Amino acid sequence: MRTHKISVLPGDGIGEEVVREGLRVLDAAAELEGFTVERKTYPHGADHYLDTGEVMPESIFEEMAQTEAILLGAIGDPRVETGFLERAIIWGVRQTFDLYVNLRPVKLYSEALCPIKGKGPEDVDLVVVRENTEDAYAGLGGIHRIGTPHEVAVAEMIYTRNGVERVIRYAFEYAAKRNKNGAPKVTLVDKANAIRAQDIYTRVFEEVGAEYSGIERDHAYIDAACMWMVKNPEWFDTIVTTNIFGDIITDLGAMCQGGMGIAASGNIHPEKVSMFEPIHGSAPKYRGKNVANPIAAIMAVWMMLDFLDEPEAAATVEDSVAALLS
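Presented here is an overview of the structure given in this document. (Residues numbered from 1 in each chain as written. Predicted model: local features only at pLDDT ≥ 70, side-chain atom pairs only at ≥ 80, totals over all residues. Heavy atoms only, no water.)

Here's the deal with the state of the cysteines
Reasoning step 1: Under the definition given, this model contains 0 disulfides.
Reasoning step 2: Here Cys114 stays free of any disulfide, with the sulfur of Cys256 as its closest cysteine sulfur at 5.9 Å.
Reasoning step 3: Looking at Cys256, the relative accessible area reads 4%, which means it is buried. (Disulfide = S-S within 2.5 Å. Buried < 20%, exposed > 50% of the residue type's maximum accessible area, 1.4 Å probe, protein only.)

Rendered as structure tokens:
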């Protein structure tokens, strides 16, 4: 019998509740398809930090490296400085395992869930491939003379040829595999007209894209892309974009598909342990009430199963959610 090993990080707020339901679905899918899942759950998050002072020791990363995937619930708690846990845990996992792709399917399963008038499932079916390790999120910079009239805040955007090329190449490979309507297309979203450093994306996109003669190439600046995602979401197939812009447009995509309670993402390195999560936050005010929608966590399980090369189980999960929502 096939066996997969995963790590589980329920995290904070509603994380434990939604992950619990995701794992129930995972167990059901595994039983149906004839494989087993061994998992180890880690307590790291706000409660653990406040109780012990420990955030995310190196030994935990070493243990996770021996597994195939990580299922994350949510990180963030008002009792802890904003961003502290997120950088230590979420950003820590992304950097430790070099998870350079943030993969976000934006798929509508029922027209009733879409806030865009006249748009249905045939219109909202796209994927965002977001660079996941560079840009302003790299943490280069800081705040000088904080709290004084002379305060200065600096954040550096960083783009490397290797980082840009590999995420763009992933997007083209993904679009080829996805083969939407038999006519795959990759759209680059940047702001190279104003942020000239992003010209590296423009140039590398054309160079890499030339190797994929069967895939159409398109381009949109981020402001225009936000407009077109609402007006004509059917124009998009696979979007590749920078870390900061990907963070923004994937929330816009979530609303187009029915809300944050449905949307999931993968933090992926094709050759390493990768992490899957609902894209919503920890919603601490709902903690312990069992009212949080677990579908996004269940869809994170769907993405994880696909990554684990269990396509039948993944399809079963997606089809079940689609049937529920429609």
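A few points about the packing of helix H7 (residues 222–231) against helix H8 (residues 243–257)
Reasoning step 1: Their axes nearest at 10 Å, the elements H7 and H8 cross at an angle of 10°. As summarised for this structure, H7 and H8 are arranged roughly parallel, according to the angle between their axes. Facing Ile222, Cys226, Met229 and Val230 of H7, the residues of H8 in contact are Phe245, Ile249, Leu252, Gly253 and Cys256.
Reasoning step 2: Here the residues of the contact of H7 with H8 sort into 8 nonpolar, 1 polar and no charged. (Axes fitted to C-alpha atoms, helices over the stretch in contact; angles between N-to-C directions. Helix = DSSP H or I, 4+ residues; strand = E, 2+ residues; numbered from the N terminus. Parallel < 35°, antiparallel > 145°, perpendicular 65-115°, else oblique. Contact = heavy atoms within 4.5 Å. Nonpolar A, V, L, I, M, F, W, Y, C, P; charged D, E, K, R; others polar.)

Re the pattern of salt bridges
Reasoning step 1: Evaluated as defined, the whole model comprises 23 salt bridges.
Reasoning step 2: Here Glu21 makes a salt bridge to Arg20, at a shortest N to O gap of 3.0 Å.
Reasoning step 3: Overall, Glu21 belongs to the buried group, its relative accessible area being 19%.
Reasoning step 4: Take Arg20: its relative accessible area is 39%, and that puts it in the partly exposed class.
Reasoning step 5: When the shortest N-O distance is used, the salt bridge between Glu277 and Arg94 registers 3.7 Å. Taken together, the residues span a long stretch of sequence, with Glu277 in strand S12 (residues 274–278) and Arg94 in helix H4 (residues 84–96) at a distance of 183 residues.
Reasoning step 6: For Glu277, a relative accessible area of 8% gives the class buried. (Salt bridge = Lys/Arg side-chain N within 4 Å of Asp/Glu carboxyl O.)

Quick word on the pairing of strand S5 (residues 125–131)
Reasoning step 1: S5 sits mainly inside the fold: 7 of its 7 residues count as buried.
Reasoning step 2: Every second residue of S5 is oriented toward a common face, with Asp125, Val127, Val129 and Glu131 on one face and Leu126, Val128 and Arg130 on the other, all of them buried.
Reasoning step 3: As paired elements, strand S4 (residues 101–107) and S5 share 7 bridges and run antiparallel to each other. Within the sheet, the bridge partner assigned to Lys107 lies in S5 and is Asp125.
Reasoning step 4: Where S5 and strand S10 (residues 238–241) come together, 4 bridges link them in parallel fashion. Looking at S10, one finds that Val128 is bridged to Ile239. (Pairing = 2+ DSSP bridges.)

Let's talk about the sheet that holds strand S2 (residues 35–41)
Reasoning step 1: The 10 strands are arranged S2-S1-S3-S12-S11-S4-S5-S10-S8-S9 in an open sheet whose pairing can be described as mixed. Every other strand in the sheet has two partners, leaving S2 and strand S9 (216–221) as the edge strands with one partner each. Direction aside, the axes of adjacent strands within the sheet are offset by 25° on average.
Reasoning step 2: One ladder, built from 3 bridges, connects strand S3 (residues 69–74) with S12; its direction is parallel. Bridging from a neighbouring strand, Ile70 pairs with Met275 of S12.
Reasoning step 3: Helix-sheet contacts for H4 involve strand S1 (2–11), S3, S4, S5, strand S11 (264–268) and S12, and the interaxial angle to S12 is about 145°.
Reasoning step 4: Lying on the sheet, H8 is in contact with S4, S5, strand S8 (185–190) and S10; it crosses S4 at an angle near 20°.

Regarding unusual backbone geometry
Reasoning step 1: Phi angles above zero are rare outside glycine, and Asp98 is one such case at about 55°.
Reasoning step 2: For Asp98, a relative accessible area of 22% corresponds to the partly exposed category.
Reasoning step 3: Not every positive phi belongs to a glycine, and Asp309 is a case in point at roughly 60°.
Reasoning step 4: Its place among the elements puts Asp309 in the loop between helix H9 (295–307) and helix H10 (311–325).
Reasoning step 5: Residue class for Asp309 comes out exposed when judged on its relative accessible area of 62%.

Some points on the nonpolar core
In summary, soluble globular proteins display a tendency toward joint burial of nonpolar side chains.
Reasoning step 1: Ile6, Val129, Ile168, Val240 and Leu305 are the most contacted members of the largest nonpolar core, which totals 55 residues.
Reasoning step 2: Per-element accounting of this core gives the leading share, 9 residues, to H9.
Reasoning step 3: In this structure Ile168 touches Tyr201, Val204, Phe205, Val208 and Val240, once residues within four positions along its chain are discounted.
Reasoning step 4: Listed in part, the 20 residues of the second largest apolar core include Leu9, Phe61, Val80 and Phe97. (Core = buried A, V, L, I, M, F, W, Y, C linked by side-chain atoms within 4.5 Å.)

Overview of the pairing of S1
Reasoning step 1: Inspection of the sheet shows S1 paired to S2 by 7 bridges, in the parallel sense. By the bridge assignment, Val8 is partnered in S2 with Thr41.
Reasoning step 2: Handedness of the β-α-β unit built from S1, helix H1 (residues 15–33) and S2 comes out right-handed.
Reasoning step 3: Here S1 runs beside S3; their pairing, made up of 5 bridges, is parallel. Residue pairing across strands places Gly11 opposite Ala74, the latter belonging to S3. (Right-handed = clockwise from strand over helix to strand, strands pointing away.)

In short, geometric facts, not functional conclusions.
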